[in-house]
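# Examination of the molecular architecture
So the chains spell out like this:
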Amino acid sequence: MSAAVSMSKPTEHPPPAQQRPVRPRTWWKAAAVLVVVAAVTVWSAIAVEVDFGALFRNAGNASRTIGQLLQPDYSYFPETVRPLLETLETAVISTAVAAVLSLPISFLASRATDPSTPLLVAVRFVMNVIRSIPDLLYASLFVTAVATGALSGILALVLFNIGILVKLVSEALDGLDRGGQEAALAAGSGWIKADRSAMLPEISPIYISQTIYVLELNIRASTVIGLVGAGGLGMLIDKVRTFYQYHYLSLVILEILVLVVVLEFVSSYARRKLVR
Amino acid sequence: MTAIPAPVGRPAKPVRWARLLAALIVLLVVLAAFWHVDIEWSDLWAAPKKLWRVLRLMFGPPDWSQLPQALSATMLSVAMAWFGTLIGIVVSFPLSLFATRGLTPGPVRWPIRGVFAVLRAVPEVVIAVLMLSVTGLTAFTGALAIAIGSIGTLGKWGYETFEAVDRGPLEATGAAGASRMQVMRWGVWPSARPDVFAFWLYRFEISVRASAILGLIGAGGIGKMLVDNIQFRVWDVVGVLMIVVVVVTMIIDQISGTIRNRIIAGRWQLPIVTAVSRRRAARRLREHAAAAAEKGIL
């Protein structure tokens, strides 16, 4: 409307108050949000004892460290090969185990494939609990309770992966077209058969793509779970940092970087191919 | 087509060699990993018994007298996450503007994107390990590590969001003679705003998890309390701490998810309800998950 008016008389300014609808007043809401955010921020700043001055006081220390970090010692490479392999193996094994375990659980955790509400709620609750515990915490628990080394890392990652995979796959199941399943049910099959013959083929590309994504997560995670003693590159990081061997540390970090970037590249390529 | 007589039985399934080969390679890699990895498999058989014992010690019953301490440690972790995320937002926001296609030339854009990519590839814990050498083992160090870690993700999500906005308002502001900053303010920001606020909150959720992890290497908060008690095998306290971690993480996720939902969908709705109810929610969550893939924490 106002556009038409102003088009016809381009030189005159139409009185805006009558042309536009009155803007809803929301400034007090914005102000309230701002106050809350500011309050939380002040509280958090006090809690963590913010001290930007420390950064400058320690600048000398930092520059020495950074200087060492910028010169990775490549002669250390042979020593890192075993932990590197262990990291990769941990990631691969835990992805494989978690992928196998989480497929049936995903079907139990989706409204679309699980007709029983109590079972659905129970499975989802357990999955929520599993997901809210960080991977490093699982790792440190297993290291103390079971054994140090790769086994604890694998157990920790398997739990962590099941949480993620079940969430992603069951949500994908929720969004699927249920025509085939309905047809199967109407033709007299049970839920298990209907899900297997109608839903499984539909979900499999997503399932595979999410599994590759989880492998990517695992590579990242398995490089650090060693910090609490669960094998792989993380253990090496812990070792060289306690001896302040920053030349070595930077080599290890460089390896992690390369590993993660290469894997990200491969994984995004594979996932693109899958989805297409 | 209807004239062709119906074939007897099903047509043979075509064999997809490429797929078969890929499956075979994957299988071989997995088997090789199982074969080569240095594990005492007997430990695995002993594991359930050991775990059951520890679980009984942890939860039968947990030592509730430590609850107040656990809660205050958790608050410190949450404060770390909040403050770190905030610094991350403050730093990454202008950077992501400079990394947006159409606003800045390539030579400005690519180096910034490279920095984001590198920051995303380094796990927070490693950043923290590096920071420890400079500022020591404090909660502030943890917050800074979270800040640096979140710059990578926030930056990337930022420029992706800015590039994905509808071109219409952008062209309109440009045609009306706006400068680059004005185009940003009036053409891009209004449509990008809800998504930006939503992923800020989402990043905070990730940071809460990360802050617990940072505690594990000594940066204070609930993680430190956990690792101390695990090391000295005070299992009944560990039980309380686990419960606190789970409950607090879930509560924060619910609050943050509810607010995100309000920002994006425009109405108040509990995320649990939405997730159970419908397709659109599932799709949106998947998108967020894909975004989370960038950082590797969910």
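Scroll up to find the structure.
In short, a report on the structure. Since the model is a prediction, treat every value here as computed from it, not as a measurement.

### Here's the deal with the nonpolar core
The biggest cluster of nonpolar side chains holds 126 residues, and the ones touching the most others in it are Ile-237 and Leu-249 of chain A together with Leu-226 and Val-238 of chain B. Per-element accounting of this core gives the leading share, 15 residues, to helix H9 (residues 150–174) of chain A. Formed by 17 residues, the second largest nonpolar core is a distinct cluster that contains Ile-89, Leu-97, Val-188 and Phe-199 of chain B.

### Some points on the environment of Ala-150 of chain A
Along the chain, Ala-150 of chain A turns up in helix H9. Taking the C-alpha atoms as reference points, Ala-150 of chain A and Ala-139 of chain A, separated by 11 residues in sequence, lie 9.8 Å from one another. Ignoring any residue separated from it by four or fewer positions in sequence, one finds Ala-150 of chain A in contact with Glu-86, Thr-90, Ala-230 and Gly-231 of chain A together with Val-37, Asp-38 and Ile-39 of chain B.

### Points about the side chain of Asn-161 of chain A
Residue and element names in this part refer to chain A. Mapping Asn-161 onto the fold places it in helix H9. Residue Asn-161 is classed as buried on the basis of its relative accessible area of 0%. When neighbours within four sequence positions are excluded, Asn-161 is seen to be in contact with Ser-94, Thr-95, Ala-98, Val-214 and Asn-218.

### Focus on helix H9 (residues 222–231) of chain B
Count 3.6 residues to each turn of an α-helix, and residues three or four apart come out pointing the same way. Judged by how many residues are buried, H9 of chain B sits mostly within the fold: 7 of 10 residues are covered. Looking at the residues trailing H9 of chain B, positive phi occurs at Arg-233 of chain B, about 55 degrees.

### Some thoughts on a positive patch on the surface
Positive charge collects at one region of the surface, where Arg-20 and Arg-23 of chain A together with Arg-185 and Arg-193 of chain B lie side by side. Along the polypeptide, Arg-20 of chain A turns up in the loop between helix H2 (16–19) and helix H3 (27–47). Residue classification places Arg-20 of chain A among the exposed positions, given a relative accessible area of 64%.

### Some words on the side chain of Thr-80 of chain A
Residue and element names in this part refer to chain A. One can find Thr-80 in helix H6 (residues 77–108). Of note is the side chain of Thr-80, whose polar atom sits 2.6 Å from the backbone oxygen of Phe-77. Among the polar contacts listed, one links the side chain of Thr-80 to the side chain of Glu-255, at a separation of 2.8 Å. Residues in contact with Thr-80, not counting those within four places in the same chain, are Leu-233, Leu-236, Leu-251, Val-252 and Glu-255.

### Regarding the packing of helix H8 (residues 180–216) of chain B against helix H10 (residues 235–265) of chain B
When two helices pack together, their arrangement is given by the angle between the helix axes and the distance between those axes. Residues and elements named next belong to chain B. Where H8 meets H10, the closest approach of the two axes is 9 Å, and the angle between their N-to-C directions is 175 degrees. By the angle class used here, H8 and H10 are roughly antiparallel. Mapping the contact onto sequence places Pro-194, Asp-195, Phe-197, Ala-198, Leu-201, Tyr-202, Phe-204, Glu-205, Val-208 and Arg-209 in H8 and Thr-249, Ile-252, Asp-253, Ser-256, Gly-257, Ile-259, Arg-260, Ile-263 and Ile-264 in H10.

### Here we look at the interface of chain A and chain B
Tallying the contact residues gives 76 residues for chain A and 69 residues for chain B. Interface area for chain A against chain B, summed over the two sides, is near 6300 Å², with a carbon-plus-sulfur share of 75%. Of all residues in chain A, the largest losses of buried area upon contact with chain B belong to Val-48, Thr-144 and Leu-151 of chain A, amounting jointly to 9% of the total for that side. Scanning the region where chain A abuts chain B turns up 5 residue pairs in polar contact (both at pLDDT 80 or more). Per element, the largest residue contribution to the side of chain A that touches chain B is 10 residues, and it comes from H9 of chain A.

### Observations regarding the pattern of salt bridges
All names here are of chain A. Evaluation of the coordinates by the stated rule reveals 11 salt bridges over all chains. Between Arg-220 and Glu-264 there is a salt bridge, with its nearest N and O atoms 2.9 Å apart. Note that Arg-220 is positioned in helix H11 (residues 191–224) and Glu-264 in helix H13 (residues 246–275), a separation of 44 residues in sequence. Taking relative accessible area as the criterion, Arg-220 reaches 6% and is therefore assigned buried. Judged by relative accessible area, which is 24%, Glu-264 ranks as partly exposed.

Definitions and cut-offs
- Residues numbered from 1 in each chain as written.
- Chains lettered and ligands numbered in written order.
- Predicted model: local features only at pLDDT ≥ 70, side-chain atom pairs only at ≥ 80, totals over all residues.
- Heavy atoms only, no water.
- Core = buried A, V, L, I, M, F, W, Y, C linked by side-chain atoms within 4.5 Å.
- Buried < 20%, exposed > 50% of the residue type's maximum accessible area, 1.4 Å probe, protein only.
- Helix = DSSP H or I, 4+ residues; strand = E, 2+ residues; numbered from the N terminus.
- Contact = heavy atoms within 4.5 Å.
- Patch = residues over 30% accessible without salt bridge, like charges linked within 9 Å, V, L, I, M, F, W, Y side chains within 5 Å.
- Areas by Shrake-Rupley, 256 points an atom, 1.4 Å probe, with all protein chains shown as cover.
- Salt bridge = Lys/Arg side-chain N within 4 Å of Asp/Glu carboxyl O.
- Lys, Arg positive; Asp, Glu negative; His and termini not counted.
- Charge placed at Lys NZ, Arg CZ, Asp CG, Glu CD.
- Polar contact = N/O pair within 3.5 Å; in protein donor to acceptor, adjacent residues only side chain to side chain.
- Axes fitted to C-alpha atoms, helices over the stretch in contact; angles between N-to-C directions.
- Parallel < 35°, antiparallel > 145°, perpendicular 65-115°, else oblique.
- Buried area = accessible area lost by both parts, 1.4 Å probe.

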